[in-house]
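Coordinate analysis (summary)
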Amino acid sequence: METTDRINCSLISVIVPVYNGEAYLDRCVRSVLFQDYHNLELILVDGASTDGTLKLCRVWQKKDERVRVIPARMNKGVSVGRNTGIREARGEFFFFLDADDWLVPDCLSRLHVELLAEEADIAGCGFARCTNADWETLYKRVRQGADEPDGGGKTDGEPAVKRVLRGNAFLQEGILKQDTRCWSKLYRRSLVEGHFFREDYTIGEDMLFLWEVSAKADRIVSISYPGYCYYHNPQGTMLRPFRLSDMDQIRCWKVIMDYLQENETDTSVIVSAAAILAMSCMLTVGKLAGLPAEQRKQYREQRRQCSEVLHETLKIPGAYGRLDRGYRLKVRLYGALPEVYLLLYHLIKSR
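Throughout what follows, the structure given in this document is the object of discussion.

Rules used throughout
- In every chain, residue numbers begin from 1 and rise along the written sequence.
- Where local features are concerned, this predicted model is filtered to residues with pLDDT of at least 70; where side-chain atom pairs are given and counted, the filter is 80 or more; whole-chain, interface and lining totals use all residues.
- Side-chain figures throughout are based on the complete set of non-hydrogen atoms in the structure, without hydrogens or water.
- In DSSP terms, a helix is any run of H or I states spanning at least four residues, a strand is any run of E spanning at least two, and both are numbered starting from the N terminus.
- Only C-alpha atoms enter the radius of gyration, while the globule expectation follows 2.2 Å times N to the 0.38, with N the number of residues.
- Burial here depends on accessible area, computed with a 1.4 Å probe over protein chains only, as a share of the maximum for the residue type. Under 20% is buried, over 50% is exposed, and the range in between is partly exposed.
- Any two residues whose heavy atoms approach within 4.5 Å are treated as being in contact.
- By the counting scheme adopted, Arg and Lys are positive, Glu and Asp are negative, and His together with the chain ends is not counted.
- Where a charge lies is defined by one atom per residue type: Lys uses NZ, Arg uses CZ, Asp uses CG and Glu uses CD.
- Two rings from Phe, Tyr or Trp (for Trp, the six-membered ring) form a pair when their centres sit within 6.5 Å of each other. Planes less than 30 degrees apart are called stacked, planes more than 60 degrees apart edge-to-face, and all others tilted.
- Look at NZ for Lys and CZ for Arg. If either is within 6 Å of the ring centre and within 35 degrees of the ring normal, a charge sits over the ring.
- Any pair of cysteine sulfurs within 2.5 Å is marked as a disulfide.
- Residues forming no salt bridge and having over 30% relative accessible area are the ones grouped into patches, like charges within 9 Å of each other and nonpolar side chains (Val, Leu, Ile, Met, Phe, Trp, Tyr) within 5 Å.
- The protein chains shown are the only cover counted for residues, whose accessible areas, like all others here, come from Shrake-Rupley with a 1.4 Å probe.
- Whenever a carboxyl oxygen of Asp or Glu lies within 4 Å of a side-chain nitrogen of Lys or Arg, that contact is scored as a salt bridge.
- Every angle, taken between N-to-C directions, lies between 0 and 180 degrees, and every axis is a line fitted to C-alpha atoms, over only the stretch in contact when it is a helix.
- Crossing handedness is read from the near helix: turned anticlockwise from the far helix by less than a right angle, it gives a left-handed crossing, and turned clockwise, a right-handed one.

1. Points about the overall build of the protein
Across its full length, the protein holds 16 helices and nine strands. A compact globule built from 351 residues would reach a C-alpha radius of gyration of about 20 Å, and the protein, at 21 Å, matches this within 12%. Expressed along its principal axes, the backbone C-alpha trace of the protein runs to roughly 65 × 45 × 40 Å. Going through the 351 residues of the protein one by one, you find that 51% of them count as buried. Counting contacts in the protein only where the partners sit at least 6 residues apart, residues at least 24 apart contribute 81% of the total. Counting 49 positive and 48 negative side-chain charges, the protein places the centres of these two groups 6 Å from one another.

This is the structure:
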């Protein structure tokens, strides 16, 4: 076990890409700067914002010497922002934080202690879906000096559950069980160096990054404590209309499927990934169905791709059976009567 001095002396680099985040960046920055782990640097990578974001970043840089601002000439997406942060970071440990989210005050210290105690390469915590009201409650408690403030994720006094995995087991026990987030995790610099987010993806790029670095990790520790506050945006990605970038969800799982079919000997792992890929296809089809009929015609190629990937995926023995009842019904209807499925889905969503 490391000494207390050692535990709070390693530099942690918190990397935050931001674009037009003037309305919410302030709470993100505050939550990092009031961490009870003090030896950190906050790297704000501004993606050529057109609002007052860069000005706000500069204000914080003047207030606290731990804040570093890296402006970009063009907005090239969150992956480019994170990659810029990786290249510029000076810390022994990296942490990725989205600009509209925030941290509970002991998030970094808890993760750091667990990482050192377990001699792990990655330490992750749970997260809570939070609202603006949750932030106001947290900030009020912090300003009043309350003990153990929470960010909206109640634990009801239950101790955090801890799990330690070998890196090669994380695909099956983590990623294939919905832990696909790069955020809410502390990484050793030595693990991340040489790995970057894929800049040609806008959905699923964090999952691919996590998959690549976890495969290299010796040990990964995770605790259920919800130290990361995920802002619940009513206008979030899953609720907005179809965009071409939604096809990335299928592309990224296809990358993993192709790898598994060539390298994995455990058929249960392949079947689990196939079921997720099939669900990704149906989620994308659902977004396409939400469009008006004339707009749907513009995306015939994307519909064809969804159908093709779905058809090939369900050829894998056991994949269809791994789906829950609702998805099995959707797959059967869409496979037999795609136009009817799209029309019915559109009518239901339009109510």
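2. Some points on the packing of aromatic side chains
Taken as a whole and judged by the stated rule, the model has 16 aromatic pairs. Measuring from centroid to centroid gives 5.3 Å for W211 and Y259, while their planes differ by 75 degrees, and the two rings are edge-to-face. With a gap of 48 residues between them, W211 in helix α9 (residues 205-216) and Y259 in helix α10 (residues 248-263) connect regions that are remote in the sequence. An aromatic cluster is defined as three or more aromatic residues linked by ring pairs; in this entry it consists of F95, F127, W183, Y228 and Y230. Positioned over the ring face of Y327 is K330, at 5.0 Å from the centre of the ring.

3. What about the state of the cysteines?
Per the stated rule, a full pass over the model turns up zero disulfides. There is no disulfide at C130, and the cysteine sulfur nearest it, in C229, is 3.9 Å away. Accessibility expressed as a relative area gives 0% for C130, which makes it buried. Take C252: it sits in no disulfide, and the sulfur closest to it among the cysteines is that of C281, at 11 Å.

4. Focus: a nonpolar patch on the surface
The grouping of L337, V340, L343, L344 and L347 at the surface amounts to a nonpolar patch, some 420 Å² of accessible area in total. Assignment of secondary structure puts L337 in the loop between α15 (325-336) and α16 (338-350). Given a relative accessible area of 45%, L337 falls into the partly exposed group.

5. With respect to the environment of A72
Relative to the helices and strands, A72 resides in the loop between β3 (67-71) and α4 (78-88). Sequence separation between A72 and T50 is 22 residues; the distance between their C-alpha atoms is 12 Å. Setting aside anything within four residues of it in sequence, one finds A72 in contact with D46, G47 and A48.

6. Quick word on the pattern of salt bridges
Going through the model one piece at a time under the given rule, you end up with 25 salt bridges. We note a salt bridge from E173 to K177, for which the minimum N-O separation is 3.0 Å. For E173, a relative accessible area of 25% translates into the label partly exposed. The closest approach of N and O atoms between K254 and D258, which form a salt bridge, is 2.9 Å. Residue K254 and its partner D258 are both found in helix α10; the two are separated by four residues, about one turn of the helix. Exposure remark for D258: the relative accessible area of 33% places this residue in the partly exposed category.

7. What about the packing of helix α11 (residues 267-289) against α15?
Contact pair α11 / α15: the axes reach a minimum separation of 11 Å and the direction vectors enclose 65 degrees. As α11 runs across α15, the sense of the crossing is left-handed. Of the residues in α15, those in contact with M279, M282, L283 and V285 of α11 are Y327, K330, V331 and Y334.

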